[in-house]
Structure formats: structure tokens, C-alpha cells
Amino acid sequence: MNHFIVTFARGFGSGGKEIASCLAKELGIHCYENRILTLASQMSGLNENLFKEVNEKIRNYGGLSGFLQGLPRARNYIARNEKFVSDDKLFEYQCTIIKELADTESCVIVGKCADYVLRGRPNVVSVYIEAPRAFCVRRTMERMGVTEETAHATITRTDKYRAQYYQYYTHGNYWTNPVNYDMTLNSEKAGVYNCVKIIEQYLLIKGLITPEMITPADHAGLELNQQLTGKGQDGE
């Protein structure tokens, strides 16, 4: 059977990253999120912190028209000129990594406009995870150990960054538009780990996996443990 890719977009606090990680674990494949930044840094020769600065957000240069341009295409780009690297060029490096991963292995990719970057590929399944605000706030408070006010602010800020990032790099598309994805799941109503099972069933229907490829894991205890000891983690 050929390899496949599952991409995830997610609202902050919805559990999207945890769902992605658990899906990858049950299918025995890699889950890529921030690892993509590391790979893009290694490929380009640029400092990884540059990629972290634009990780699903756009740097503030006084508006999109202020974006800097002109990074040479040479892979041995001189480090002292890194401050002149445009957001667009950094995104190009990430796109290259995402496409190379999709060409070579089955994997799960979280964020990074991966659904758009890999659009049109028949072996790609795109998923959007969202949940009601109260659920996301409660989950963010539990996992990050923050107040309700801070949780609200974090969710608002992060989702705004992601929406702007997606809109810019997809040329005006809207991040939460369900038409962009194979499926949109409400993690509160379905349950965080039931979302994993639903996605697996969809992959079976599409003929991208077989039942033998699924290794069920007991994630319920993991979720409880993370809620009790997860202070200082991100809220996703």
C-alpha cells in the first residue's frame, strides 16, 4: 500500500495536536509539527529561531506591504544576512520540507498550511479540529496552569495569528472554512480520542490504510495524567 499523509489544522485548546499525535502513534508513523522548523533550518542553513519567529504567524513589519524580499536561493546563505530573510522565503523552505515528507513517507503534519501546500494529492486527508470556547479555555487552563483570563487571551491571540497566516499564504482563503478539509470535528462533542477513531475509519474508507495498520492504544489514562501534571505545557 502506498504512503499517505494526514494534515491537521486546529483551534488553540481544542486538542488538535494531541489528536494528531495519538493518530500517528496508533498508525506507527511520524507526527511533524515544530520538527518541520528544524528540518527547514537544516536545509536552508538559516537559524532555527528565524523559523520559530514566523511559526504560523506573520511578523509585524507595519503591514503585509512591509514584507522584506530578496533572499538568495543558495543553500549556504550567509548567516549575518539572516535579518533580511523575508517571511515568504521562510515559508518556501517549510513548503519544500512538507512536500519532501509527503513524497517519501506516511506521516501526520500539524499546521503550517499543510492542507493547502499538499492540495490536490489523492493520498492526503486534511482535518480541522475545533471546539466550543469554554472547552478550549478549560483545557488551556488545565494544561498550561494559567488563569481563565490568560487562557482567553492566549486562545484569541494564537487563533488570530493562525487565521492571518493561513489567509496570507493561501491567497485569501479562510482558515476555518470547512470546504478546505476532508472533515471538521468538534473535539468536545466527539471526544478527543474518539476523533482519532473517526479519522482512522475515514482512512479505511478511503483505502489509505488497512485494519492491520492500526495499533490501538489506551490514551484515556494519558489524558488524565496530562491534565493533572501538564502545567507549563502548551494548551493544544
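Scroll up a little and you will see the structure.
Here's a quick rundown of the structure. (Residues numbered from 1 in each chain as written. Predicted model: local features only at pLDDT ≥ 70, side-chain atom pairs only at ≥ 80, totals over all residues. Heavy atoms only, no water.)

### Some thoughts on the pattern of salt bridges
Point 1. Tallied over the entire structure, the rule returns 8 salt bridges.
Point 2. With a shortest N-O distance of 3.8 Å, Glu 18 and Arg 143 are connected by a salt bridge. One end of the pair, Glu 18, is in helix H1 (residues 16-27); the other, Arg 143, is in helix H6 (residues 133-144), and 125 residues separate them in sequence. Of the two residues examined, Glu 18 and Arg 143, each falls in the buried class.
Point 3. A single network of salt bridges, built from pairs that share partners, joins Arg 10, Lys 17 and Glu 33. (Salt bridge = Lys/Arg side-chain N within 4 Å of Asp/Glu carboxyl O. Helix = DSSP H or I, 4+ residues; strand = E, 2+ residues; numbered from the N terminus. Buried < 20%, exposed > 50% of the residue type's maximum accessible area, 1.4 Å probe, protein only.)

### Notes on the environment of Thr 184
Point 1. Tracing the sequence through the fold places Thr 184 in strand E5 (residues 183-186).
Point 2. Apart from residues no more than four positions distant in its own chain, Thr 184 is found in contact with Tyr 128 and Pro 178. (Contact = heavy atoms within 4.5 Å.)

### Focus on the state of the cysteines
Point 1. Evaluated as defined, the whole model comprises 0 disulfides.
Point 2. Left unpaired, Cys 22 is separated from the closest cysteine sulfur, that of Cys 31, by 9.3 Å.
Point 3. On the basis of relative accessibility, which here comes to 3%, the residue Cys 22 falls in the buried class.
Point 4. With no disulfide of its own, Cys 31 lies 8.8 Å from the sulfur of Cys 107, the closest cysteine sulfur. (Disulfide = S-S within 2.5 Å.)

### Examining unusual backbone geometry
Point 1. Residues other than glycine seldom take positive phi values, yet Cys 113 does so here, at roughly 55 degrees.
Point 2. On the secondary structure map, Cys 113 appears in the loop between strand E3 (107-110) and helix H5 (114-117).
Point 3. For Cys 113, a relative accessible area of 4% corresponds to the buried category.

### Quick look at the packing of helix H4 (residues 87-104) against helix H7 (residues 148-169)
Point 1. Direction vectors running N to C along H4 and H7 enclose 85 degrees, while the axes themselves pass 12 Å from each other. Our classification of the angle between H4 and H7 gives roughly perpendicular. Of the residues in H7, those touching H4 at Asp 87, Asp 88, Phe 91 and Gln 94 are Tyr 165, Tyr 168 and Tyr 169.
Point 2. Here the contact of H4 with H7 is composed, by residue class, of 4 nonpolar, 1 polar and 2 charged. (Axes fitted to C-alpha atoms, helices over the stretch in contact; angles between N-to-C directions. Parallel < 35°, antiparallel > 145°, perpendicular 65-115°, else oblique. Nonpolar A, V, L, I, M, F, W, Y, C, P; charged D, E, K, R; others polar.)

### A look at the packing of aromatic side chains
Point 1. Scanning the entire structure with this criterion turns up 6 aromatic pairs.
Point 2. Ring plane angle 65 degrees and centroid distance 5.0 Å describe the contact between Tyr 165 and Tyr 169, whose orientation is recorded as edge-to-face. Of this pair, Tyr 165 and Tyr 169 are both found in helix H7, 4 residues apart, which corresponds to roughly one turn of the helix.
Point 3. Clustering of aromatic rings is evident, with ring pairs tying together Phe 91, Tyr 165, Tyr 168 and Tyr 169. (Phe/Tyr/Trp six-rings, centres within 6.5 Å; stacked < 30°, edge-to-face > 60°.)

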